[in-house]
Amino acid sequence: MIKAVIFDLDGVLTDTSTYHFAAWKETVASVGIELKASFEPELRGISRFDSIKKITDVYLPKTSFKTSQLESLAAKKNEVYLEKIKTMTEADLYPGVLELFETLKHKGLLLGLASASLNAPMLIEKLGITHYFSHVSNPALHPSKPDPGLFIEGLEALHVSPEQALGVEDAPAGIAAIKAAKMKAIGIGDPKTLKADVVFKTLADIPYYLFD
Ligand code: B16
Ligand code: MG
């Protein structure tokens, strides 16, 4: 029997993945990198610092950046990102989120959040959904997904076993993290690229019987 559902945030509950990518695109243009749209899924679920490392490793493999330079690019990206999400409200939740959360609460399930974003606590406040979560995992304590740390922290805090919980993710790295935590994974996105147990195009397409 399912007792808890642990959600990713960016790209699952709201469309911030596009803002993360747009912020990276603007930021790395300053060092001559033209980020391709096809690189976007690669950055989902990856921490801020690991993202800039990945971008520079792939696009400028012969340039060795100092850690301080990478940190300053990551800080710049966050400024651009924060500007983009400044005006977000509950209206920016994906369709079906509130209905799903209300249904899960009604069934007596616990909700957890396992986002790699250090901005997640602030973003869920803006979206008006903080009160739904019994636990919000702390990304500062874990390596980037596919490390399962964020999901394992959620399982432990909610006092449930991996068999009693489901994870919901939009990112290939996030699905791998859920599987590494030995949980069943619901993917949101393209079934061709997401190796989840079951994949739906949008969160609103998830049938509620999966949570019985
Ligand atoms: P921040 P998720 C992830 O959030 C994003 O997918 C990823 O693009 C971003 O780099 C990461 O959070 C870190 O975000 O810079 O705000 O700390 O998808 O795990 O909810
Ligand atoms: Mg995500």
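Residues numbered from 1 in each chain as written. Chains lettered and ligands numbered in written order. Predicted model: local features only at pLDDT ≥ 70, side-chain atom pairs only at ≥ 80, totals over all residues. Heavy atoms only, no water.

(A) Examining the pairing of strand β4 (residues 165–169) more closely. In terms of burial, β4 is a largely internal element, five of the five residues being buried. Burial of the side chains of β4 extends over both faces: Ala 165, Gly 167 and Glu 169 are buried on one face and Leu 166 and Val 168 on the other. With four bridges connecting them, β4 and strand β5 (residues 184–188) associate as parallel partners. Pairing of Glu 169 across the sheet is with Gly 187, part of β5. Regarding topology, helix α8 (residues 172–180) serves as the crossover connection from β4 to the parallel β5, and that connection is right-handed. (Buried < 20%, exposed > 50% of the residue type's maximum accessible area, 1.4 Å probe, protein only. Helix = DSSP H or I, 4+ residues; strand = E, 2+ residues; numbered from the N terminus. Pairing = 2+ DSSP bridges. Right-handed = clockwise from strand over helix to strand, strands pointing away.)

(B) The arrangement of the coordination of the magnesium ion (ligand 2) in detail. Coordination of the magnesium ion (ligand 2) by the protein comes from Asp 8 (OD), Asp 10 (O) and Asp 170 (OD), over a distance range of 2.0 to 2.2 Å. Mapping the donors of the magnesium ion (ligand 2) onto the primary sequence yields the spacing D-x1-D-x159-D. With Asp 10 in the loop between β1 (4–7) and α1 (16–28) and Asp 170 in the loop between β4 and α8, this residue pair connects regions lying 160 residues apart in the sequence. Of the two residues, Asp 10 and Asp 170, both sit in the buried class. (Donors = N, O, S within 2.8 Å, 3.2 Å for Na, K, Ca; no water.)

(C) Representation of the site of ligand 1. Close contacts around ligand 1 come from 17 residues, with Asp 10, Ile 46, Arg 48, Ser 115 and Ser 117 the closest. At 3.1 Å, a backbone N or O of Leu 43 approaches an oxygen atom of ligand 1. Take Arg 48: an N or O atom from its side chain is 2.7 Å from an oxygen atom of ligand 1. Look at ligand 1: alone it shows 470 Å² of surface, and the protein chains cover 99% of it. Here ligand 1 is seated within the largest pocket. When grouped by side-chain class, the residues that make up the shell around ligand 1 number five nonpolar, six polar and six charged. Mapping the shell around ligand 1 onto the domain boundaries places at least three of its residues in each of domain 1 (4–15 + 91–211) and domain 2 (17–84). (Near = heavy atom within 4 Å. Polar contact = N/O pair within 3.5 Å; in protein donor to acceptor, adjacent residues only side chain to side chain. Areas by Shrake-Rupley, 256 points an atom, 1.4 Å probe, with all protein chains shown as cover. 1 Å grid on protein atoms, 1.4 Å probe; cavity = no way out; pocket = protein on both sides within 12 Å on 5 of 7 lines; lining within 4 Å. Sits in = over half its atoms within 2 Å of the grid points. Nonpolar A, V, L, I, M, F, W, Y, C, P; charged D, E, K, R; others polar. Domains from an automatic or database assignment.)

(D) The arrangement of the packing of helix α3 (residues 48–59) against helix α4 (residues 67–85) in detail. α4 packs onto α3 with a crossing angle of 115° between their chain directions and a minimal axis gap of 9 Å. In terms of orientation, α3 and α4 fall into the roughly perpendicular class. In this structure, α3 crosses over α4, and the sense of that crossing is right-handed. Counting all contacts with α3, which are made through Arg 48, Phe 49, Ile 52, Lys 53 and Thr 56, the residues of α4 involved are Thr 67, Leu 70, Glu 71, Leu 73, Ala 74 and Asn 78. (Axes fitted to C-alpha atoms, helices over the stretch in contact; angles between N-to-C directions. Parallel < 35°, antiparallel > 145°, perpendicular 65-115°, else oblique. Left-handed = near helix turned anticlockwise from the far one by under 90°. Contact = heavy atoms within 4.5 Å.)

(E) Just α8, in detail. Among the residues of α8, those classed as buried are Ala 173, Gly 174, Ile 175, Ala 177 and Ile 178. As for α8, its buried residues are in contact with α7 (149–158), β4 and β5. Phi turns positive, to about 65°, at Lys 182, one or two residues after α8.

(F) Region of interest: the side chain of Ser 17. Mapped onto the fold, Ser 17 is located in helix α1. Overall, Ser 17 belongs to the buried group, its relative accessible area being 6%. Apart from residues lying up to four places away in sequence, Ser 17 is in contact with Asp 10, Gly 11, Glu 40, Arg 44 and Asp 170.

(G) Expanded view of the layout of surface pockets. In this structure, the largest pocket occupies an estimated 440 Å³ of space. Secondary structure elements with two or more residues in the lining of the largest pocket: α1, α2 (40–43), α3 and α4. With four residues, the top contributor of residues to the lining of the largest pocket is α1. Residue composition of the lining of the largest pocket, grouped by class: eleven nonpolar, eleven polar and eight charged. In this model, the second largest pocket occupies a volume close to 340 Å³. If you trace the second largest pocket, you find 18 residues lining it, with Arg 44, Asp 170, Ile 188, Gly 189 and Asp 190 closest to the centre. Among the residues forming the lining of the second largest pocket, the class breakdown is eight nonpolar, four polar and six charged. Here the lining of the second largest pocket gathers at least three residues from each of two domains, domain 1 (4–15 + 91–211) and domain 2 (17–84). (Points joined across faces, edges and corners; volume = space filled by probe spheres on them.)

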